[in-house]
Amino acid sequence: DAKTTQPPSMDCAEGRAANLPCNHSTISGNEYVYWYRQIHSQGPQYIIHGLKNNETNEMASLIITEDRKSSTLILPHATLRDTAVYYCIVRPRARPGSQGNLIFGKGTKLSVKP
Amino acid sequence: DAMVIQNPRYQVTQFGKPVTLSCSQTLNHNVMYWYQQKSSQAPKLLFHYYDKDFNNEADTPDNFQSRRPNTSFCFLDIRSPGLGDAAMYLCATSRDPEGSYEQYFGPGTRLTVT
């Protein structure tokens, strides 16, 4: 079962920041937080991941609370092409014999509106 | 530039008629995954290969099989498709399951069973 809770849907105005929350209150010390998104009729796309520290890349920023029980994915300037289902996934660091597979939850459907 | 290629993008098969879906990758990744995604649901892992080692998920039906003849190619065989097997089938790769390497997904093959 997925170990994360996300709102089923969110709207965002084009050009504004989209802040997508995720609760993972049972996260353990060796588990990473991953974000993927899936645009309609395409395969999921990796966005970002983190363990404890906040992370930023060319697509997004990931803010993880100090207790690691929740996180927020930030798309700083949302465009219409960012409309997608966003999945927050908790995944252990893989080690020999344990693959650390992705278990997708229901995700958040983000609609970016003009 | 395509990195994970799935053919065909759309496949129609008859009830009970065996069907094979193919995936190829240009990334030289160790691991290849097959996911099933039914309409309005999240992707669900069926199995994966770590090099030549096959790893089946516990709840994957026996009707689903896989072959990986070499690093670049992986096939999903559905021996006797039922109506409930209609879904999007996603192939993904990752460099190594250890560490925190992200997965790269193909565009998927949408299977229709008539």
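Parameters at a glance
Residues numbered from 1 in each chain as written. Chains lettered and ligands numbered in written order. Predicted model: local features only at pLDDT ≥ 70, side-chain atom pairs only at ≥ 80, totals over all residues. Heavy atoms only, no water. 1 Å grid on protein atoms, 1.4 Å probe; cavity = no way out; pocket = protein on both sides within 12 Å on 5 of 7 lines; lining within 4 Å. Points joined across faces, edges and corners; volume = space filled by probe spheres on them. Helix = DSSP H or I, 4+ residues; strand = E, 2+ residues; numbered from the N terminus. Salt bridge = Lys/Arg side-chain N within 4 Å of Asp/Glu carboxyl O. Buried < 20%, exposed > 50% of the residue type's maximum accessible area, 1.4 Å probe, protein only. Pairing = 2+ DSSP bridges. Axes fitted to C-alpha atoms, helices over the stretch in contact; angles between N-to-C directions. Phe/Tyr/Trp six-rings, centres within 6.5 Å; stacked < 30°, edge-to-face > 60°. Core = buried A, V, L, I, M, F, W, Y, C linked by side-chain atoms within 4.5 Å. Contact = heavy atoms within 4.5 Å.

Visitor: Tell me about the layout of surface pockets, and name the residues and values.
Guide: Size it by volume and the largest pocket reaches roughly 1,200 Å³. Contributing to the lining of the largest pocket are 41 residues, with Tyr87 of chain A together with Gln37, Ser40, Gln41 and Ala42 of chain B lying nearest its centre. Space inside the second largest pocket adds up to approximately 430 Å³. If you trace the second largest pocket, you find 24 residues lining it, with Gly43, Pro44 and Gln45 of chain A together with Met3 and Phe105 of chain B closest to the centre. Of all elements in the fold, only β4 (45-50) of chain A together with β1 (4-7) and β10 (104-105) of chain B reach the threshold of two or more residues within the lining of the second largest pocket.

Visitor: Account for the pattern of salt bridges, with residues named and values stated.
Guide: For side chains of opposite charge, pairing can occur when their charged atoms come near one another. As enumerated under the stated definition, the model contains four salt bridges over all chains in all. The residue Glu31 of chain A makes a salt bridge to Lys3 of chain A at a minimum N-O spacing of 2.5 Å. On the criterion of sequence distance, the pair formed by Glu31 of chain A in strand β3 (residues 31-38) and Lys3 of chain A in the segment before β1 (9-13) is long-range, its members being 28 residues apart. Residue classification places Lys3 of chain A among the partly exposed residues on the basis of a relative accessible area of 36%. Two residues, Arg67 of chain B and Asp77 of chain B, come together in a salt bridge whose shortest N-O distance is 2.7 Å. Residue Arg67 of chain B is located in strand β7 (residues 64-67), and its partner Asp77 of chain B is located in strand β8 (residues 73-78); the two are separated by 10 residues in the primary sequence. Owing to a relative accessible area of 39%, Arg67 of chain B belongs among the partly exposed residues under this scheme. Its relative accessible area of 14% is what places Asp77 of chain B among the buried residues.

Visitor: How would you explain the sheet that holds β8 of chain B if you had to name every residue and give the values?
Guide: All names here are of chain B. The strand order β1-β3-β8-β7 describes an open sheet built from four strands, whose pairing is antiparallel. Since the sheet does not close on itself, it has two edges, and those belong to β1 and β7, each with one partner. Neighbour-to-neighbour, the strand axes of this sheet turn through a mean angle of 20°, independent of strand direction. The pairing of strand β3 (residues 19-25) with β8 spans six bridges and is classified as antiparallel. Residue pairing in the sheet places Cys23 in a bridge with Cys74 of β8.

Visitor: Give a description of the packing of aromatic side chains that names residues and reports values.
Guide: In total, this model carries 15 aromatic pairs over all chains according to the counting rule given. Arranged with centres 6.1 Å apart and planes meeting at 35°, the rings of Phe64 of chain B and Tyr89 of chain B form a pair that is tilted. Taken together, the residues span a long stretch of sequence, with Phe64 of chain B in strand β7 and Tyr89 of chain B in strand β9 (residues 87-94) at a distance of 25 residues. By relative accessible area, which is 0% here, Tyr89 of chain B ends up buried. Ring pairing ties together the aromatic residues Tyr32, Tyr34, Tyr36, Tyr46, Tyr87 and Phe104 of chain A together with Tyr33, Tyr35 and Phe105 of chain B, which thus form one cluster.

Visitor: Which residues make up the pairing of strand β5 (residues 44-50) of chain B, and what are the values?
Guide: Residues and elements named next belong to chain B. Of all seven residues that make up β5, five are buried, and the element is covered over most of its length. Counted along the chain from strand β4 (residues 31-37) to the antiparallel partner β5, the turn is six residues long, and its residue Ser40 has a positive phi close to 65°. With four bridges connecting them, β5 and strand β6 (residues 53-56) associate as antiparallel partners. In the strand pairing of β6, Tyr49 is matched with Phe54.

Visitor: How would you explain the nonpolar core if you had to name every residue and give the values?
Guide: Grouped together as the largest cluster of nonpolar side chains are 21 residues, with contacts concentrated most on Trp35, Leu73, Tyr86 and Leu110 of chain A. Counting residues per element, the ones that place at least two in this core are β2 (18-23), β3, β4, β6 (61-64), β7 (70-75), β8 (84-92) and β9 (108-113) of chain A. When residues of this core are assigned to their parent elements, the largest contribution, four residues, is made by β8 of chain A. The residues contacting Tyr86 of chain A, other than those within four sequence positions of it, are Gln6, Leu20, Trp35, Tyr36, Arg37, Ile47, Leu73, Leu75, Gly107, Thr108 and Leu110 of chain A. Counting 18 residues, the second-largest nonpolar core is a separate cluster that includes Leu21, Phe47, Ile78 and Leu111 of chain B.

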